[in-house]
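So the chains spell out like this:
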Amino acid sequence: MKYFFTPSTQHLADSFPGQRGACIFKKFSDGEQYVKVIDDVTGQEVCVISSTVPPSDNFFDLFLLLDALQRLGARVNLFLTYFGYARQDKAAHGEALSAEVIARFFKTFALNTISVIHVHNPEITQFLPFINNIPYEFFYSIARNVDVIVAPDKGAFSFAQQIALHVHKPAAHVEKIRPSYEHTQIIGFTGDVKDKRALIVDDMISTGGTIVHAADLLLQQGALSVEVAATHGIFDDDAVGKIERSCIKKVHVTNTLEQKIHHAKIAVHDIAPFIAECIELLRQK
Ligand code: R5P
(Lines give C-alpha, C1' and ligand atoms only; values in the text may rest on other atoms or scores of the structure.)
Protein backbone atom coordinates (compact mmCIF):
# COMPACT_ATOMS: atom_id res chain seq x y z
CA MET A 1 0.00 0.00 0.00
CA LYS A 2 1.33 3.45 -0.97
CA TYR A 3 1.43 6.20 1.67
CA PHE A 4 0.80 9.79 0.61
CA PHE A 5 1.90 12.70 2.80
CA THR A 6 0.73 16.30 2.63
CA PRO A 7 3.00 19.26 3.53
CA SER A 8 1.75 19.14 7.16
CA THR A 9 3.20 15.62 7.60
CA GLN A 10 6.28 15.79 5.35
CA HIS A 11 8.45 15.51 8.47
CA LEU A 12 7.17 11.93 8.89
CA ALA A 13 7.58 10.84 5.27
CA ASP A 14 11.24 9.80 5.62
CA SER A 15 10.18 7.16 8.16
CA PHE A 16 8.23 5.34 5.43
CA PRO A 17 10.76 5.31 2.54
CA GLY A 18 9.60 2.19 0.70
CA GLN A 19 5.92 3.10 0.73
CA ARG A 20 5.90 6.76 -0.26
CA GLY A 21 3.56 7.69 -3.07
CA ALA A 22 4.62 10.53 -5.37
CA CYS A 23 2.58 13.70 -5.61
CA ILE A 24 3.14 17.41 -6.16
CA PHE A 25 1.85 20.28 -4.07
CA LYS A 26 2.27 23.80 -5.35
CA LYS A 27 0.79 27.22 -5.11
CA PHE A 28 0.01 29.55 -7.98
CA SER A 29 1.04 33.21 -7.82
CA ASP A 30 -2.46 34.23 -6.70
CA GLY A 31 -2.30 31.83 -3.76
CA GLU A 32 -4.48 29.06 -5.19
CA GLN A 33 -3.28 25.56 -4.31
CA TYR A 34 -2.63 22.71 -6.75
CA VAL A 35 -2.16 18.99 -6.23
CA LYS A 36 -1.18 16.27 -8.68
CA VAL A 37 -0.68 12.57 -7.94
CA ILE A 38 2.17 11.11 -10.01
CA ASP A 39 1.91 7.41 -9.18
CA ASP A 40 -0.68 5.31 -10.92
CA VAL A 41 -2.85 4.11 -8.07
CA THR A 42 -5.89 3.13 -10.11
CA GLY A 43 -7.86 0.49 -8.22
CA GLN A 44 -5.26 0.39 -5.46
CA GLU A 45 -5.65 0.88 -1.73
CA VAL A 46 -3.64 3.86 -0.44
CA CYS A 47 -3.18 5.64 2.87
CA VAL A 48 -3.06 9.40 3.20
CA ILE A 49 -1.18 10.59 6.28
CA SER A 50 -2.02 14.19 7.03
CA SER A 51 -3.42 16.60 9.59
CA THR A 52 -5.89 19.47 9.77
CA VAL A 53 -3.59 21.71 11.77
CA PRO A 54 -3.91 25.44 10.94
CA PRO A 55 -3.24 27.28 8.70
CA SER A 56 -6.15 26.23 6.52
CA ASP A 57 -3.80 25.67 3.55
CA ASN A 58 -2.99 22.38 5.26
CA PHE A 59 -6.45 20.95 5.09
CA PHE A 60 -7.09 22.37 1.65
CA ASP A 61 -3.97 20.50 0.41
CA LEU A 62 -5.46 17.41 2.00
CA PHE A 63 -8.90 17.85 0.41
CA LEU A 64 -7.30 18.33 -3.02
CA LEU A 65 -5.12 15.23 -2.54
CA LEU A 66 -8.16 13.15 -1.54
CA ASP A 67 -9.97 14.37 -4.64
CA ALA A 68 -7.00 13.61 -6.93
CA LEU A 69 -6.64 10.09 -5.51
CA GLN A 70 -10.32 9.40 -5.83
CA ARG A 71 -10.37 10.59 -9.44
CA LEU A 72 -7.64 8.02 -10.10
CA GLY A 73 -9.90 5.35 -8.66
CA ALA A 74 -7.84 4.67 -5.52
CA ARG A 75 -9.43 3.32 -2.35
CA VAL A 76 -8.34 5.83 0.24
CA ASN A 77 -7.63 5.32 3.94
CA LEU A 78 -7.15 8.57 5.80
CA PHE A 79 -4.80 8.78 8.77
CA LEU A 80 -4.89 12.12 10.61
CA THR A 81 -1.96 12.64 12.95
CA TYR A 82 -3.86 15.59 14.42
CA PHE A 83 -7.52 16.57 14.05
CA GLY A 84 -7.34 20.36 14.06
CA TYR A 85 -10.61 22.17 14.88
CA ALA A 86 -11.71 19.25 17.09
CA ARG A 87 -11.78 21.63 20.06
CA GLN A 88 -14.57 23.64 18.45
CA ASP A 89 -16.97 20.79 19.08
CA LYS A 90 -19.90 22.81 20.42
CA ALA A 91 -21.58 25.91 19.06
CA ALA A 92 -23.34 28.58 21.08
CA HIS A 93 -25.99 30.68 19.38
CA GLY A 94 -24.50 32.31 16.28
CA GLU A 95 -21.25 30.32 16.34
CA ALA A 96 -19.99 27.93 13.67
CA LEU A 97 -19.63 24.26 14.64
CA SER A 98 -16.12 24.03 13.18
CA ALA A 99 -15.39 20.38 14.06
CA GLU A 100 -18.52 19.36 12.20
CA VAL A 101 -17.62 21.50 9.18
CA ILE A 102 -14.28 19.68 8.83
CA ALA A 103 -16.07 16.34 9.32
CA ARG A 104 -18.59 17.22 6.62
CA PHE A 105 -15.79 17.79 4.08
CA PHE A 106 -14.32 14.36 4.83
CA LYS A 107 -17.71 12.73 4.42
CA THR A 108 -17.88 13.88 0.79
CA PHE A 109 -14.91 11.63 -0.08
CA ALA A 110 -16.38 8.19 0.74
CA LEU A 111 -13.17 7.18 2.48
CA ASN A 112 -12.39 3.54 3.16
CA THR A 113 -11.34 4.14 6.76
CA ILE A 114 -10.50 7.18 8.87
CA SER A 115 -8.03 7.03 11.76
CA VAL A 116 -7.00 9.85 14.04
CA ILE A 117 -4.30 10.13 16.69
CA HIS A 118 -5.60 11.17 20.13
CA VAL A 119 -8.55 13.35 19.22
CA HIS A 120 -9.43 16.10 21.70
CA ASN A 121 -12.99 14.94 22.21
CA PRO A 122 -13.87 11.40 21.05
CA GLU A 123 -17.52 12.46 21.00
CA ILE A 124 -16.96 14.15 17.65
CA THR A 125 -17.18 10.69 16.10
CA GLN A 126 -20.90 11.56 16.06
CA PHE A 127 -19.99 13.94 13.20
CA LEU A 128 -17.66 11.49 11.45
CA PRO A 129 -16.96 7.85 12.39
CA PHE A 130 -13.23 7.26 12.89
CA ILE A 131 -10.81 5.17 14.92
CA ASN A 132 -9.18 7.14 17.71
CA ASN A 133 -5.62 5.90 18.31
CA ILE A 134 -4.03 6.96 21.60
CA PRO A 135 -0.27 6.40 21.87
CA TYR A 136 -0.53 4.78 25.31
CA GLU A 137 3.02 3.38 25.26
CA PHE A 138 4.37 6.93 24.96
CA PHE A 139 2.48 7.86 28.16
CA TYR A 140 3.29 4.61 30.00
CA SER A 141 7.02 4.92 29.35
CA ILE A 142 7.12 8.32 31.04
CA ALA A 143 4.57 7.46 33.73
CA ARG A 144 6.73 4.55 34.95
CA ASN A 145 9.34 7.05 36.19
CA VAL A 146 7.05 9.21 38.34
CA ASP A 147 4.88 8.66 41.43
CA VAL A 148 1.48 10.18 40.57
CA ILE A 149 -0.43 10.85 37.35
CA VAL A 150 -2.36 14.11 37.19
CA ALA A 151 -5.15 15.25 34.87
CA PRO A 152 -5.01 19.00 34.23
CA ASP A 153 -8.82 19.17 34.22
CA LYS A 154 -11.81 17.03 35.16
CA GLY A 155 -12.41 15.99 31.55
CA ALA A 156 -8.98 14.35 31.35
CA PHE A 157 -9.35 12.48 34.66
CA SER A 158 -10.48 9.14 33.26
CA PHE A 159 -7.55 9.25 30.82
CA ALA A 160 -5.11 9.96 33.69
CA GLN A 161 -6.73 7.16 35.71
CA GLN A 162 -6.27 4.74 32.83
CA ILE A 163 -2.56 5.50 32.64
CA ALA A 164 -2.18 5.43 36.42
CA LEU A 165 -3.89 2.05 36.61
CA HIS A 166 -1.59 0.57 33.99
CA VAL A 167 1.60 1.69 35.77
CA HIS A 168 0.19 0.99 39.26
CA LYS A 169 0.38 4.60 40.47
CA PRO A 170 -2.28 6.87 41.98
CA ALA A 171 -4.12 9.53 39.98
CA ALA A 172 -5.13 13.08 40.84
CA HIS A 173 -6.86 15.94 39.05
CA VAL A 174 -6.87 19.67 38.84
CA GLU A 175 -10.09 21.56 38.30
CA LYS A 176 -9.88 24.23 35.68
CA ILE A 177 -12.23 26.64 34.03
CA ARG A 178 -11.65 28.49 30.77
CA PRO A 179 -12.96 32.06 31.09
CA SER A 180 -12.04 32.63 27.41
CA TYR A 181 -10.69 30.49 24.53
CA GLU A 182 -7.06 31.39 25.32
CA HIS A 183 -7.20 31.68 29.14
CA THR A 184 -7.44 29.09 31.88
CA GLN A 185 -8.01 29.41 35.62
CA ILE A 186 -7.46 26.76 38.31
CA ILE A 187 -10.34 26.41 40.77
CA GLY A 188 -9.59 23.23 42.69
CA PHE A 189 -7.57 20.05 43.15
CA THR A 190 -8.31 16.46 44.19
CA GLY A 191 -5.57 14.01 45.14
CA ASP A 192 -2.27 13.77 46.97
CA VAL A 193 1.00 14.84 45.38
CA LYS A 194 2.96 15.69 48.55
CA ASP A 195 6.61 14.59 48.25
CA LYS A 196 5.78 12.91 44.93
CA ARG A 197 7.08 13.25 41.38
CA ALA A 198 4.01 14.26 39.39
CA LEU A 199 3.24 13.73 35.72
CA ILE A 200 0.53 15.82 34.04
CA VAL A 201 -1.01 14.02 31.06
CA ASP A 202 -3.00 15.73 28.32
CA ASP A 203 -3.91 15.45 24.66
CA MET A 204 -2.26 18.71 23.63
CA ILE A 205 -0.31 21.75 24.65
CA SER A 206 -1.48 24.87 22.92
CA THR A 207 -0.78 28.16 24.72
CA GLY A 208 0.76 26.24 27.62
CA GLY A 209 -1.57 27.94 30.12
CA THR A 210 -3.19 24.72 31.30
CA ILE A 211 0.02 22.86 32.15
CA VAL A 212 1.86 25.86 33.63
CA HIS A 213 -1.01 26.74 35.98
CA ALA A 214 -1.51 23.10 36.92
CA ALA A 215 2.22 22.67 37.60
CA ASP A 216 2.28 25.73 39.90
CA LEU A 217 -0.62 24.27 41.84
CA LEU A 218 1.05 20.87 42.17
CA LEU A 219 4.18 22.48 43.57
CA GLN A 220 2.04 24.43 46.06
CA GLN A 221 0.50 21.09 47.05
CA GLY A 222 3.98 19.78 47.90
CA ALA A 223 4.97 17.91 44.72
CA LEU A 224 8.70 17.21 44.41
CA SER A 225 8.77 17.76 40.66
CA VAL A 226 6.38 18.13 37.74
CA GLU A 227 6.73 16.66 34.25
CA VAL A 228 4.20 16.80 31.43
CA ALA A 229 3.33 14.35 28.65
CA ALA A 230 1.03 15.41 25.82
CA THR A 231 0.52 13.82 22.42
CA HIS A 232 0.32 17.01 20.36
CA GLY A 233 2.71 19.93 20.82
CA ILE A 234 1.08 22.94 19.20
CA PHE A 235 3.11 25.46 21.20
CA ASP A 236 1.37 28.59 19.99
CA ASP A 237 1.40 32.03 21.58
CA ASP A 238 4.32 32.17 24.06
CA ALA A 239 3.95 28.52 25.13
CA VAL A 240 7.68 27.75 24.99
CA GLY A 241 8.55 30.90 26.93
CA LYS A 242 5.92 30.03 29.54
CA ILE A 243 7.34 26.52 29.89
CA GLU A 244 10.87 27.89 30.16
CA ARG A 245 9.90 30.28 32.97
CA SER A 246 7.75 27.66 34.72
CA CYS A 247 8.54 25.15 37.43
CA ILE A 248 7.99 22.29 34.95
CA LYS A 249 11.01 20.01 34.82
CA LYS A 250 10.35 18.40 31.44
CA VAL A 251 7.67 18.41 28.74
CA HIS A 252 7.31 15.32 26.54
CA VAL A 253 5.42 15.56 23.24
CA THR A 254 5.34 13.51 20.06
CA ASN A 255 5.90 14.74 16.52
CA THR A 256 2.32 14.27 15.28
CA LEU A 257 2.95 17.90 14.32
CA GLU A 258 6.34 18.97 13.04
CA GLN A 259 8.47 20.11 15.97
CA LYS A 260 11.05 22.71 15.08
CA ILE A 261 11.58 23.64 18.71
CA HIS A 262 14.88 22.80 20.32
CA HIS A 263 14.65 23.41 24.04
CA ALA A 264 16.31 21.60 26.92
CA LYS A 265 12.95 21.26 28.72
CA ILE A 266 11.12 19.81 25.70
CA ALA A 267 11.63 16.20 24.59
CA VAL A 268 10.14 15.11 21.25
CA HIS A 269 9.23 11.42 20.88
CA ASP A 270 8.92 9.94 17.39
CA ILE A 271 5.33 8.94 16.54
CA ALA A 272 6.21 7.20 13.24
CA PRO A 273 6.48 3.66 14.74
CA PHE A 274 3.04 4.11 16.32
CA ILE A 275 1.55 5.23 13.00
CA ALA A 276 3.07 2.18 11.30
CA GLU A 277 1.59 -0.07 13.99
CA CYS A 278 -1.90 1.47 13.65
CA ILE A 279 -1.86 1.10 9.86
CA GLU A 280 -0.67 -2.49 10.15
CA LEU A 281 -3.58 -3.24 12.49
CA LEU A 282 -5.98 -1.68 9.97
CA ARG A 283 -4.58 -3.89 7.21
CA GLN A 284 -5.06 -7.01 9.28
CA LYS A 285 -8.76 -6.24 9.81
C1 R5P B 1 -8.35 21.05 27.01
O2 R5P B 1 -9.42 20.59 27.33
C3 R5P B 1 -7.23 20.31 26.37
O4 R5P B 1 -7.22 18.96 26.72
C5 R5P B 1 -5.90 20.95 26.70
O6 R5P B 1 -5.73 20.93 28.10
C7 R5P B 1 -5.87 22.36 26.23
O8 R5P B 1 -6.33 22.46 24.93
C9 R5P B 1 -4.49 22.94 26.33
O10 R5P B 1 -4.57 24.27 25.93
P11 R5P B 1 -3.57 25.35 26.49
O12 R5P B 1 -2.19 24.81 26.33
O13 R5P B 1 -3.83 26.55 25.60
O14 R5P B 1 -3.94 25.65 27.89
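Remember, it's a predicted structure, so these values are computed and weren't measured experimentally. (Residues numbered from 1 in each chain as written. Predicted model: local features only at pLDDT ≥ 70, side-chain atom pairs only at ≥ 80, totals over all residues. Heavy atoms only, no water.)

(A) Main features of the packing of helix H4 (residues 136-143) against helix H5 (residues 157-166). Taken N-terminus to C-terminus, the directions of H4 and H5 make an angle of 60°; their axes are 10 Å apart at the nearest point. As the angle between them shows, H4 and H5 are arranged oblique. Regarding H4 and H5, the two cross each other, and that crossing is right-handed. Residues Tyr-136, Phe-139, Tyr-140 and Ala-143 of H4 pack against Phe-159, Gln-162, Ile-163 and His-166 of H5. (Axes fitted to C-alpha atoms, helices over the stretch in contact; angles between N-to-C directions. Helix = DSSP H or I, 4+ residues; strand = E, 2+ residues; numbered from the N terminus. Parallel < 35°, antiparallel > 145°, perpendicular 65-115°, else oblique. Left-handed = near helix turned anticlockwise from the far one by under 90°. Contact = heavy atoms within 4.5 Å.)

(B) Expanded view of the packing of helix H2 (residues 57-71) against helix H3 (residues 98-107). Close contact between H2 and H3 brings their axes to 11 Å; oriented N to C, the two are set at 20°. Judged by the angle between their axes, H2 and H3 are roughly parallel. Crossing hand, H2 versus H3: right-handed. Residues Phe-59, Leu-62, Phe-63 and Leu-66 of H2 touch H3, and the partners they reach there are Ile-102, Phe-105 and Phe-106. Grouping the amino acids of the contact of H2 with H3 by side-chain chemistry returns 7 nonpolar, no polar and no charged. (Nonpolar A, V, L, I, M, F, W, Y, C, P; charged D, E, K, R; others polar.)

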